[in-house]
Structure formats: C-alpha cells, structure tokens
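# Chain and residue survey
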Amino acid sequence: AVLQLTLLVLWCVKSRQRSPLSITAAALSFVDAFMFYLLSYTEHSKSLRPSALLGAYLFFSIFFDAARVRTLWLMQYDGAIRGVFTASLATKLIVLLLEAGEKRRYLSSYDRQKGPEETSGIFNQSVFWWLNKLIRQGFSKVLLSEDLYPIDEYMMSEQLGARFRQNWRSCKFY
C-alpha cells in the first residue's frame, strides 16, 4: 500500500506524461492494496487454506504489472516511477509466494491433523503438489492404510450414508 501511495504521489507531482487515467489507475491501485490487506487478514483468520481469490488475483496481476514495468523501462520513463513500480512488482511476487504457502504451522492442533488437500492453496491443488510426498513414499515401499492422509470430514462414510438415506427418503417414487 505504501508503494502504491508513493506511485500515486509520483504520478500526480513528478510525471510529465501523466493523464487523468494514469492518476485514476494509481488511485485505484492504492485502494486495491488496502482492500487486499483487509481480505488477506480476514481469509487467514477464517480459513484453513490460503485464499484462492487472492492467489489468482496476484498471479494475473503480476503478469500485467510485468508488462507495464517492461514498457516503463523501454520508454526510458521517469526513473523514480520506474523504480517504485519495479519495487511494487517485486513486492507482489514476494506476497504471492507468502500467500500461496501452506499455513499448517499457524493452525490449531486439531486442524493440523487434517490432510494436505484441505490445507493446500490454489496452486498446490491445481498441480496436485500435495500428493508428491505420498507418491515418493509409495515408490519406496508398499503403502499401508496408516500412510494415507486423513479423509475430509464431510467425505466420511457415516456422514455420506446419513445424507444419502435422508435424500432417499425425501424422493417420491411413482
């Protein structure tokens, strides 16, 4: 947020090639950074896994910002704006790495017992990275039931059976 505020001030004061759109974009980026902080705090306090929304936003935002940084450097734009924008991009990359990481060490002892599928983030789940440990273990020995990760609570047969019976009773057969 501080870097975005600095960019807003630089666009307003120092830039020779500013336009109403560039100032508006910088102002929206500042508001965006502040809202990102609030959403990140809320997500970390309420969810077991990293935020998929924030991870996807940062992922695409980094690509778009990288194109803008490249353009600023190729156009030999104002050095202060280039430097702050580059620092902002680097900060977003670091935040993405921190945001995508599993937060198992911050969870309560009960939640630490849950499987990695329940606590992994969007990137980890999209490439099934959480299965690597199990695959390596299965490659070196025959897997036993104790080696497998715990099943998610809503996937346990007792709960699924109860839900099935409830839905079966509610069906009308003609």
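Thresholds, definitions, all that
- Residues numbered from 1 in each chain as written.
- Predicted model: local features only at pLDDT ≥ 70, side-chain atom pairs only at ≥ 80, totals over all residues.
- Heavy atoms only, no water.
- Helix = DSSP H or I, 4+ residues; strand = E, 2+ residues; numbered from the N terminus.
- Contact = heavy atoms within 4.5 Å.
- Areas by Shrake-Rupley, 256 points an atom, 1.4 Å probe, with all protein chains shown as cover.
- Buried < 20%, exposed > 50% of the residue type's maximum accessible area, 1.4 Å probe, protein only.
- Core = buried A, V, L, I, M, F, W, Y, C linked by side-chain atoms within 4.5 Å.

Along the chain, the regular secondary structure elements total nine helices and zero strands. Along the chain, from the amino end to the carboxyl end, the secondary structure elements read α-α-α-α-α-α-α-α-α. Contacts in the chain between residues at least 24 apart in sequence constitute 59% of all its contacts with a sequence separation of at least 6. Element-wise, carbon and sulfur atoms account for 67% of the exposed surface of the chain, whose accessible area totals about 12500 Å².

Before going further, it helps to spend a moment on the side chain of Lys-92. Its location among the elements puts Lys-92 in helix α4 (residues 79–100). What makes Lys-92 buried here is its relative accessible area of 15%. Look past the residues within four positions of Lys-92 in its chain and what remains in contact with it is Tyr-57, Leu-58, Ser-61, Ile-62 and Asp-65.

If you look at the biggest cluster of nonpolar residues, it comprises 17 residues, and the most contacted ones within it are Leu-7, Trp-11, Leu-72, Tyr-77, Ile-81 and Phe-85. Within the residue set of this core, elements represented by two or more residues are α1 (2–13), α2 (20–46), α3 (52–74) and α4. Among residues more than four places away in sequence, those in contact with Leu-72 are Tyr-77, Ile-81, Arg-82 and Phe-85.

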